Amino acid sequence: MDLIKENINNLTGLWSLAGRLDGQFLSSEEYAISTVAESEWPNKMWFHLPPTKKILEKTFRAWNSKGIGVALWYPDITKELLESHGLTLKNELTGMSMQLNGSIDHNQRLTYRRVTDAGLAALWSSLFLKAFGYWINPSTVERTMDKVDYLIGNKGQEAIGTAVLFKESPAVAGIHSIGVVPEHRRKGYAADLLNHVLGLAEKEGVCFVTLQASSMAKGLYLKTGFQEDFLLKTFVKS
C-alpha cells in the first residue's frame, strides 16, 4: 500500500469535503481549490501532478491565490521556481503513518464527546482556536459532522482538547487536529487524545492511520510508533 498517496488523499479529501459542503470547491485536471468564507480553513490550493512553470503561470492567471495556502508535497519542485511566482514558505509538516496492531494504550483520564449538533460544533471550534491559533468556522464542523468524527476531550467537566478521525478508504483513517488548550498542556493529554482516536480507528477495522505533524508534535507520534514518510509544505502568495 502506498501510504504517502493514502495520506495525501485523506488530507485533500477532508479539504474537498469542507469546500463542497460549506464553501466552494473547484477541481480541474491540474489543480484543486477549496475555500470556506469567514474561516481560516481549509482555504487551500493543491496540484494533482508536480506543477511546472507553465502550470503555475496558468493557475495564477486564473486565480488570485492571495490568502489561500498552496500545499505542495512534491520533493523535486525547486525553491527558485516557487519564488519566481511569488510563493514563500508558510509552514512545514511531516506526513506520517502507522500500522495498527492492537497495542493501543487505553488510558481513561479523559472522557470524550463526538460533535453531533450546532452547540458542540461551536465548542469544538472554540477549543481548536485556543489550541492551534486559527479559526475553523463552526458551520463547517456542523455541515461535515456526519462524515467526519470531530471529538472533544474532557477532563472532568472541562473541555480541554480536540481530535478528528476521517476515513476516505476502508483500510486507512486520517488523524487530524490533535490539540490541547494552553492551560492544560504538558500533562500528557495529547497522548490520551491520540490513543483514544487510534482505538476508535481500530474498532472500525482500520489497518493504517496517517497524519501530518508539526515539529513540536512529531516526538509524540514517533514515540507512539508512527514513521516519517514525506514533507508537506504550505506556501503563500506574497
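Whatever comes next refers back to the structure up there.
Basis of the calculations
Throughout this description, residue numbers start from 1 for each chain and increase along the sequence as written. The model is predicted, so local features are restricted to residues of pLDDT at least 70 and side-chain atom pairs to those at 80 or more, both for listing and for counting; the totals for chains, interfaces and linings are taken over all residues. Values shown for side chains rest on all heavy atoms present in the structure; no hydrogens or waters enter the calculation. Secondary structure elements are taken from DSSP: a helix is a run of H or I of four residues or more, a strand is a run of E of two residues or more, and numbering for both begins at the N terminus. Just to be clear, the radius of gyration here is over C-alpha atoms, and the globule rule we use is 2.2 Å times residues to the power 0.38. Burial classification: accessible surface area is computed with a 1.4 Å probe over protein chains only, and a residue below 20% of its type maximum counts as buried, one above 50% as exposed, and the rest as partly exposed. Working rule for contacts: check all heavy atoms of both residues, and any pair within 4.5 Å makes them a contact. A pair of strands counts as paired when DSSP detects no fewer than two bridges linking them. Orientation is described by lines fitted to C-alpha atoms, with helices fitted over the stretch in contact, and by angles between N-to-C directions that extend from 0 to 180 degrees. Put simply, buried Ala, Val, Leu, Ile, Met, Phe, Trp, Tyr and Cys residues joined by side-chain atoms within 4.5 Å make one nonpolar core. Only one rule defines a salt bridge in this text: a Lys or Arg side-chain nitrogen within 4 Å of an Asp or Glu carboxyl oxygen. N or O atoms within 3.5 Å of each other form a polar contact, as long as, within protein, one can give a hydrogen and the other can take it, and as long as residues adjacent in sequence are counted only when both atoms are side-chain atoms. Expected span of a helix, by definition, is 1.5 Å for each gap between consecutive residues, and there is one gap fewer than residues.

Asks: Which parts of the structure should I look at to understand the overall build of the protein?
Replies: From N to C terminus, the protein includes seven helices and 11 strands. On C-alpha atoms alone, the protein measures out to a radius of gyration of 18 Å, which is about the 18 Å that the 2.2 N^0.38 rule sets for 238 residues. In terms of principal-axis extent, the alpha carbons of the protein reach across some 55 × 35 × 30 Å. Counting across all 238 residues of the protein, residues that qualify as buried make up 50%. By sequence separation, contacts in the protein at least 24 residues apart represent 70% of the contacts at least 6 residues apart.

Asks: Sorry if this is basic, but what is going on with the sheet that holds strand β3 (residues 44-47) here?
Replies: Strands sit in the order β1-β2-β3-β4-β11-β5-β10-β9-β8-β7-β6 across an open sheet of 11 strands; the sheet is mixed. The sheet is open, and its two borders are formed by β1 (24-27) and β6 (111-114), each paired with just one other strand. Taken over all neighbouring pairs, the strand axes of this sheet differ in orientation by 25 degrees on average, direction set aside. Inspection of the sheet shows β1 paired to strand β2 (residues 31-35) by four bridges, in the antiparallel sense. Bridged to Leu26 within β2 is Ile33.

Asks: Could you clarify how one ought to interpret the environment of Leu211 in this entry?
Replies: Position of Leu211 relative to the elements: it lies in strand β10 (residues 208-213). Relative accessible area serves as the criterion here: at 1%, Leu211 is assigned to the buried category. For the pair Leu211 and Val197, spaced 14 residues apart in sequence, the C-alpha separation works out to 12 Å.

Asks: I would appreciate a short explanation of the nonpolar core in the present structure.
Replies: Across soluble globular proteins, you tend to see nonpolar side chains buried next to one another. Membership of the largest hydrophobic core comes to 71 residues, with the highest contact counts inside it found for Phe47, Val115, Trp124, Ile175, Leu198, Val209 and Phe226. Beyond its immediate sequence surroundings of up to four residues, Val209 is in contact with Met96, Ser97, Met98, Leu100, Ala173, Ile175, Leu198, Ala201 and Phe226.

Asks: Help me understand the pattern of salt bridges in this model?
Replies: When the charged atoms of two side chains lie near each other, side chains of opposite charge can form a pair. A full pass over the atoms with the stated rule returns eight salt bridges. A salt bridge links Asp192 to Arg109, with the nearest nitrogen and oxygen atoms 2.8 Å apart. Of this pair, Asp192 sits in helix α6 (residues 189-203) while Arg109 sits in the loop between β5 (87-99) and β6, and the two are 83 residues apart along the sequence. Asp192 sits in the buried class, given a relative accessible area of 6%. With a relative accessible area of 34%, Arg109 lands in the partly exposed category.

Asks: It is not clear to me how the side chain of Asp149 should be interpreted in this structure. Could you clarify?
Replies: Inspection of the secondary structure assignment puts Asp149 in strand β7 (residues 149-155). Residue Asp149 is classed as buried on the basis of its relative accessible area, which comes to 15%. Reaching out from Asp149, the side chain makes a polar contact with the side chain of Arg114 at a distance of 2.6 Å. With sequence-adjacent residues up to four places away left out, Asp149 is seen in contact with Arg114, Ala163, Val164, Leu165 and Glu204.

Asks: Help me understand the environment of His48 in this model?
Replies: Looking at the secondary structure, you find His48 in the loop between β3 and α2 (53-62). Each C-alpha atom, one on His48 and one on Glu29, is 7.2 Å from the other, the two residues being 19 residues apart in sequence. The residues touching His48, leaving out its near neighbours within four places in the chain, are Ser27, Ser28, Glu29, Glu30, Tyr31, Ala32 and Tyr74. Only 3.1 Å separates the side chain of His48 from the side chain of Ser27, close enough to count as a polar contact.

Asks: Even after reading the chapter, I still don't get helix α1 (residues 3-22), so can you show me in this structure?
Replies: Two residues of an α-helix separated by three or four positions point the same way, owing to the 3.6 residues in each turn. When the terminal C-alpha atoms of α1 are compared, their 28 Å separation across 20 residues agrees well with the 28 Å that a helix rising 1.5 Å per residue should span. Counting buried residues along α1, 14 of its 20 residues qualify, which places the element largely inside the surrounding structure. Of the residues that open α1, the one with a side-chain oxygen 3.2 Å from the backbone nitrogen of Ile4 is Asp2.

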